Amino acid sequence: KVDDDDDDADAKAGCKRAADSKATTKLEGAALLRAVLDYYYAEDLEQELRAFAVDRCASFDDEALRTGEFTLEHSRAHDDFKALFERKAERFIAAQGASVRAFYRAVASDMDRSTELYSGHTIAAVLNSAVKFENFYELMADARRGDFCWGMPLLQDMDTEEFLFDD
């Protein structure tokens, strides 16, 4: 069973690592975007999501990926995963001294820097990919096989330097 009782402690620990600052420091703009993306790849978040996946992966098989026939159980697990992910992210953002609204504003105001890793464009694509059902299902099927791997690897076009996302 996933333990989410220590989310606040996880968020504060992630804040210290990701931003290299105290939990009372207020991050804004580019610094907030950097901290959130670093937290996305942080080990404590990965461990929590791994525990969720291992606990709930038994019904996720490759056959449903091939046929596209998913069950209500899969949909409910996806909803629970999104809720867990969003709760962790929101608590982390709050630990940065920022609101979720301020975070979304920072993302929206930074969409033009699509070739930079810590841009609003990159963060929006990474976070959207993290909660997309198809990606979730593959994550769970991988966990069932013992191959859990968190995080979307970023690919970059070497000629244009644009990050490539699976929309």
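Refer to the structure printed above.
Below: a short report on this structure.

**Section: the layout of surface pockets**
Roughly 330 Å³ of internal volume is contained in the second largest pocket. If you go around the second largest pocket, you meet 18 residues; those closest to its centre are Phe85, Ala89, Phe103, Tyr104 and Leu127. Elements with a minimum of two residues in the lining of the second largest pocket: helix H2 (29-40), helix H5 (72-95), helix H6 (100-108) and helix H7 (120-131). Looking at the lining of the second largest pocket element by element, the count peaks at six residues for H5. Split by residue class, the lining of the second largest pocket holds 14 nonpolar, one polar and three charged.

**Considerations on the environment of Arg101**
Take Arg101: it is sitting in helix H6. Looking at Arg101, the relative accessible area reads 61%, which means it is exposed. The spacing of Arg101 and Glu90 is eleven residues in sequence and 10.0 Å in space, taken between C-alpha atoms.

**Focus: the packing of H2 against H5**
Two measures define how a pair of helices packs: the angle their axes make with one another and the distance between the axes. Close contact between H2 and H5 brings their axes to 11 Å; oriented N to C, the two are set at 140 degrees. By the angle between their axes, H2 is oblique relative to H5. Every pair of crossing elements has a handedness; the one defined by H2 and H5 is right-handed. Across the interface between the two elements, Ala35, Val36, Tyr39 and Tyr40 of H2 pack against Phe85, Lys88, Ala89, Phe92 and Ile93 of H5. Residue composition of the contact of H2 with H5, by class: eight nonpolar, no polar and one charged.

**Describing H5**
Here H5 spans 34 Å end to end across 24 residues, near enough to the 34 Å set by a 1.5 Å rise per residue. The complete set of buried residues in H5 reads His74, Ala77, His78, Phe81, Leu84, Phe85, Lys88, Phe92, Ile93 and Ala95. Of the residues one or two after H5, Gly97 is the one with positive phi, at around 85 degrees.

**A short note on the nonpolar core**
Core analysis: the largest hydrophobic core is formed by 41 residues, its most contacted members being Leu49, Phe85, Phe103, Phe136 and Trp150. When residues of this core are traced back to their parent elements, those giving at least two are H2, helix H3 (43-56), H5, H6, H7 and helix H8 (133-144).

**Considering the pattern of salt bridges**
Counting across every chain of the model gives seven salt bridges. Note that Glu46 is salt-bridged to Arg50, the shortest N-O span being 2.9 Å. Here Arg50 and Glu46 lie together in helix H3, a separation of four residues that amounts to about one turn. For Glu46, a relative accessible area of 22% gives the class partly exposed. Put simply, Lys82 and Asp79 hold a salt bridge, and the shortest N to O gap is 3.8 Å. Pair noted here: Lys82 and Asp79 are both in helix H5, with a separation of three residues, about one helical turn. Given a relative accessible area of 41%, Asp79 falls into the partly exposed group.

**As for the packing of aromatic side chains**
Under the counting rule described, the total for this entry stands at 13 aromatic pairs. With a centroid separation of 4.6 Å and an interplanar angle of 90 degrees, the aromatic rings of Tyr40 and Tyr41 are classed as edge-to-face. Judged by relative accessible area, Tyr41 falls into the partly exposed class, the value being 37%. On the basis of an interplanar angle of 15 degrees and a centroid distance of 6.5 Å, the ring pair of Phe81 and Phe85 is categorised as stacked. Of this pair, Phe81 and Phe85 both sit in helix H5, four residues apart, which is roughly one turn of the helix. On the accessibility criterion, Phe85 (6% relative accessible area) is buried.

Parameters and conventions
Residues numbered from 1 in each chain as written. Predicted model: local features only at pLDDT ≥ 70, side-chain atom pairs only at ≥ 80, totals over all residues. Heavy atoms only, no water. 1 Å grid on protein atoms, 1.4 Å probe; cavity = no way out; pocket = protein on both sides within 12 Å on 5 of 7 lines; lining within 4 Å. Points joined across faces, edges and corners; volume = space filled by probe spheres on them. Helix = DSSP H or I, 4+ residues; strand = E, 2+ residues; numbered from the N terminus. Nonpolar A, V, L, I, M, F, W, Y, C, P; charged D, E, K, R; others polar. Buried < 20%, exposed > 50% of the residue type's maximum accessible area, 1.4 Å probe, protein only. Axes fitted to C-alpha atoms, helices over the stretch in contact; angles between N-to-C directions. Parallel < 35°, antiparallel > 145°, perpendicular 65-115°, else oblique. Left-handed = near helix turned anticlockwise from the far one by under 90°. Contact = heavy atoms within 4.5 Å. Expected span 1.5 Å × (residues − 1). Core = buried A, V, L, I, M, F, W, Y, C linked by side-chain atoms within 4.5 Å. Salt bridge = Lys/Arg side-chain N within 4 Å of Asp/Glu carboxyl O. Phe/Tyr/Trp six-rings, centres within 6.5 Å; stacked < 30°, edge-to-face > 60°.

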